[in-house]
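Residue strings, one per chain:
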Amino acid sequence: MKDNDIHRNVKAFISQLLQMQQKEAFSAEDEDVLWNRIEKANQKYTKTKRVRIYILSSGIAASIAVLAIAAWNFQRWPQEKETDYLSIINTEPQENLPSSNIQLLLSENQRLSLDGKEVEIDYQQDGDIIVNDEKLDVKEEEEKTKFNQLIVPAGKRSFLTLADGTKMWVNSNTRVIYPVQFAKGKREIFVEGETFLDVNRNEKIPFIVKTRKIDVTVLGTQFNVSTADNGSISEVVLVSGKVEVKTSLNKKSILYPSQLFSYNALTDKSNIKEVDISGYVAWKDGYYQFHRQSLDVVLKRISKFYGAQIEWDENVKKLTCSGKLDLKDDLASVLELLTKAAPIKIKKQNEIIHIYVKP
Amino acid sequence: MPEEENKDKWAQFIAGDKEAYGWIYRTNIQDLYRYGLRFTANTELIKDSVQEVFTAIYRNRKRLPVPDNVSVYLFVSLKNKLIRMMQRESFYKDDDLESVPFSLEPTVEEQYIEQETQSLRQKQLKEILSLLSPRQQEIIYYRYIKELSLDEICSIMSLNYQSAQNLIQRSLKKIREAFPH
């Protein structure tokens, strides 16, 4: 027992409880039966997960195909030139967007729509692509130096392993553009939205994360990058290692662990401050953690994550709260929990969720 | 249970070692089962929830963190799953956190040679327990039976430090006063 000064009555009470609870045994037989059930379920998962992928658009309208081909050819530029990520985004067939499914764009006519709240995608060194433990059947010739795109809509998340072993947790409302295999001497990707990266260390080839307004250069480290409002606000939070951040106007800053870099492209102001990193990176483990955070920020975050229409007034904005939300829960239970942390009431009216301060 | 070993095995498991996965199950199953009994006497529900906990960590193994404390991590997962399942089966309708059932009362009757001693002691125990709210029983369980740190308790019960301490003190006071002298 931890407290030495604990009263002897309490001690006696606890030891009695302990004694009796020790008798509640799970029999060896039950233990084996349950283990078999678990193993069976795991096998079944691996088999049936047979990705409910379907190719959406092998035969999309010709005009779109032409546009798209132009775009994909565009990317086979010689590597010395800068990759024009924005043109990749702009030339993609808008007809198919938005979708409520996670989208994986493999090439001009291979666009996969992936079921499920969380999808795991693994680019292997040999060029194979594994989606949720199933190997994808991609035509060989299209492989090299080609860019893929992952688009994660509201309410979904994805876990991506790049060909160099770098791990990326991709949050909702995020788009990532990356090569199937990295070109020689270059590791570069493009991010719009929010990702947490665990970069595989390689001193010789720096890893560059580009966003609309900033570039983050690293050797091997863990950090979170997020952009908002069409890229005008960018944030980088560093967990370990060291990164260099370069703004679009070529101002460079060095970032150290537990520091938050924020940049407003409209005013060209950047700022570095010490933060509690858990609040910024907990989402990757399926949590959203906040401490004395304004409810305004919390609700923005929730409505963005779940893609829900939530409205609240000035009075609600004044409140702060602390807590930890499980993002695997559905929106209703998350909001329910929030009413425990703050004095608020929730009303739902025609798909819009209204939040009031409790009278 | 040596928590360090638990953590080592966890690291091996997320690196792809299937034996380590089995080890984690075998080492933690008794504790998890007994913990489950605190929420419900429905042993099938506990088994289903344990199964879900272990299949979920298997599915997500590649991106799992190594938790500070593996058994606490498993407890939290089991609690979440169990409560979800109990809600689903509408054991209780209101999903108010306060109404999560938690009972320290043993589900197995103690076997005494003397019937009288047995009934007397069990009666006393039940009387004291009846004075404690589910939340009070739950915090006593974490603090004095599982011997968790206050930080860990705060995260399992979604409490802040001060309210956790208050809850413990209030519970202890009740037990002290209720215990026959």
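Residues numbered from 1 in each chain as written. Chains lettered and ligands numbered in written order. Predicted model: local features only at pLDDT ≥ 70, side-chain atom pairs only at ≥ 80, totals over all residues. Heavy atoms only, no water.

Residues and elements named next belong to chain A. Strand order in this open sheet of three strands is E22-E25-E24, and the pairing throughout is mixed. The two strands at the open ends of the sheet, each matched to only one other strand, are strand E22 (309–312) and strand E24 (344–349). Strand-to-strand twist of the sheet, defined as the mean angle between neighbouring strand axes without regard to direction, takes the value 25°. Bridging between E22 and strand E25 (residues 352–357) involves four bridges; their strand directions are parallel. Looking at E25, one finds that Ile310 is bridged to Ile353. This element, helix H8 (residues 331–341), spans E24 and E25 of the sheet and lies at about 150° to E24. (Pairing = 2+ DSSP bridges. Helix = DSSP H or I, 4+ residues; strand = E, 2+ residues; numbered from the N terminus. Axes fitted to C-alpha atoms, helices over the stretch in contact; angles between N-to-C directions. Contact = heavy atoms within 4.5 Å.)

Okay, the side chain of A:His354 next. Residues and elements named next belong to chain A. Within the fold, His354 resides in strand E25. You can call His354 buried: its relative accessible area is 17%. Setting aside residues up to four positions removed in sequence, His354 forms contacts with Glu311, Lys345, Ile346, Lys347 and Gln349. (Buried < 20%, exposed > 50% of the residue type's maximum accessible area, 1.4 Å probe, protein only.)

The subject of this paragraph is the pattern of salt bridges. Overall, the coordinates contain 22 salt bridges over all chains when judged by the stated rule. Among the ionic pairs, A:Glu24 bridges to B:Arg38, the shortest N-O distance being 3.0 Å. Here A:Glu24 is found in the loop between helix H1 (8–22) and helix H2 (28–48), whereas its partner B:Arg38 is found in the loop between helix H2 (18–37) and helix H3 (43–59) on a different chain. Neither A:Glu24 nor B:Arg38 differs from the other in exposure class; each is buried. (Salt bridge = Lys/Arg side-chain N within 4 Å of Asp/Glu carboxyl O.)

This part takes up the confidence of the model for chain B. All names here are of chain B. Taken over all residues, the pLDDT of chain B has a mean of 83, while the share at 70 or more is 84%. Averaged over each element, pLDDT in chain B is lowest for helix H5 (residues 115–131) (75) and highest for H2 (94). Taken together, the stretch residues 91–98 has pLDDT below 50 and engages in 16 contacts with residues farther than four places along the chain or on a different chain. (pLDDT = per-residue confidence, 0-100.)

Turning to the confidence of the model for chain A, a few remarks are in order. Summing up the model confidence of chain A, the mean pLDDT is 79 and the portion of residues at 70 or higher is 82%. A low-confidence stretch, residues 48–80 of chain A stays under pLDDT 50, and its non-local contacts, those more than four residues away or across chains, total 53 contacts.

For the rest of this paragraph, the subject is the pairing of strand E20 (residues 269–274) of chain A. Residue and element names in this part refer to chain A. For strand E19 (residues 259–264) and E20, the ladder comprises six bridges, and the chain directions are antiparallel. Directly across from Tyr263, in E20, lies its bridge partner Ser270. A loop of four residues connects E19 with E20, the two strands running antiparallel in sequence, and Asp268 in this loop sits at a positive phi of about 55°.

A separate point is the environment of A:Val334. All names here are of chain A. By secondary structure assignment, the location of Val334 is in helix H8. Taking the C-alpha atoms as reference points, Val334 and Lys324, separated by ten residues in sequence, lie 9.7 Å from one another. Not counting the four nearest positions on each side in its chain, Val334 is found in contact with Ile302, Tyr306, Leu325, Asp326 and Asp329.

Attention shifts here to the sheet that holds strand E6 (residues 134–135) of chain A. Residues and elements named next belong to chain A. What the ten strands build is an open sheet, ordered E6-E5-E4-E8-E9-E12-E15-E16-E19-E20; its pairing is mixed. At either margin of the open sheet sits one strand with a lone partner, and together these are E6 and E20. Sheet topology places strand E4 (residues 118–123) next to strand E5 (residues 129–131); three bridges connect them, and they run antiparallel. Bridge pairing in E5 links Ile121 to Val131.

On to the interface of chain A and chain B. Listed per partner, the contact involves 45 residues of chain A and 54 residues of chain B. Interface of chain A and chain B: buried area, both sides summed, is about 5000 Å²; carbon and sulfur atoms make up 56% of it. In terms of surface lost to chain B, no three residues of chain A exceed A:Phe13, A:Met20 and A:Glu24, which account for 15% of the buried area on that side. Joining chain A to chain B, the criterion identifies five salt bridges. If you look at where chain A meets chain B, you find ten residue pairs in polar contact (both at pLDDT 80 or more). Secondary structure elements with two or more residues in the side of chain A that touches chain B: H1, H2, E4, strand E9 (167–170) and H8 of chain A. (Buried area = accessible area lost by both parts, 1.4 Å probe. Polar contact = N/O pair within 3.5 Å; in protein donor to acceptor, adjacent residues only side chain to side chain.)

The next thing to look at is the nonpolar core. Core analysis: the largest hydrophobic core is formed by 65 residues, its most contacted members being A:Phe13, B:Tyr25, B:Tyr35, B:Phe54 and B:Tyr142. It is helix H4 (residues 70–88) of chain B that provides the largest number of residues to this core, a total of ten residues. Counting residues domain by domain, this core receives three or more from each of domain 1 (1–101) and domain 2 (113–181) of chain B. In this structure B:Phe54 touches A:Ile38, B:Tyr21, B:Ile24, B:Tyr25 and B:Leu32, once residues within four positions along its chain are discounted. Residues A:Leu106, A:Val131, A:Leu150 and A:Phe182 belong to the second largest nonpolar core, which totals 39 residues. (Core = buried A, V, L, I, M, F, W, Y, C linked by side-chain atoms within 4.5 Å. Domains from an automatic or database assignment.)

This part covers the side chain of A:Thr227. If you trace the backbone, A:Thr227 turns up in strand E15 (residues 222–228). Overall, A:Thr227 belongs to the buried group, its relative accessible area being 8%.

Time to look at the environment of A:Val119. All names here are of chain A. Structurally, Val119 can be placed in strand E4. For Val119, a relative accessible area of 1% gives the class buried. The spatial distance from the C-alpha of Val119 to the C-alpha of Arg157 is 6.8 Å, given a sequence separation of 38 residues. Contact partners of Val119, with chain neighbours within four places excluded, come to Ile102, Leu114, Val131, Asn132, Arg157, Ser158 and Phe159.

Let's shift gears to unusual backbone geometry. Located in the positive-phi region is A:Ser258, a residue other than glycine, with phi close to 70°. Take A:Ser258: it is sitting in the loop between strand E18 (252–255) and E19. Unusually for a residue other than glycine, B:Ser158 sits at a positive phi of about 50°. Its place among the elements puts B:Ser158 in the loop between helix H7 (150–157) and helix H8 (161–178). Owing to a relative accessible area of 55%, B:Ser158 belongs among the exposed residues under this scheme.

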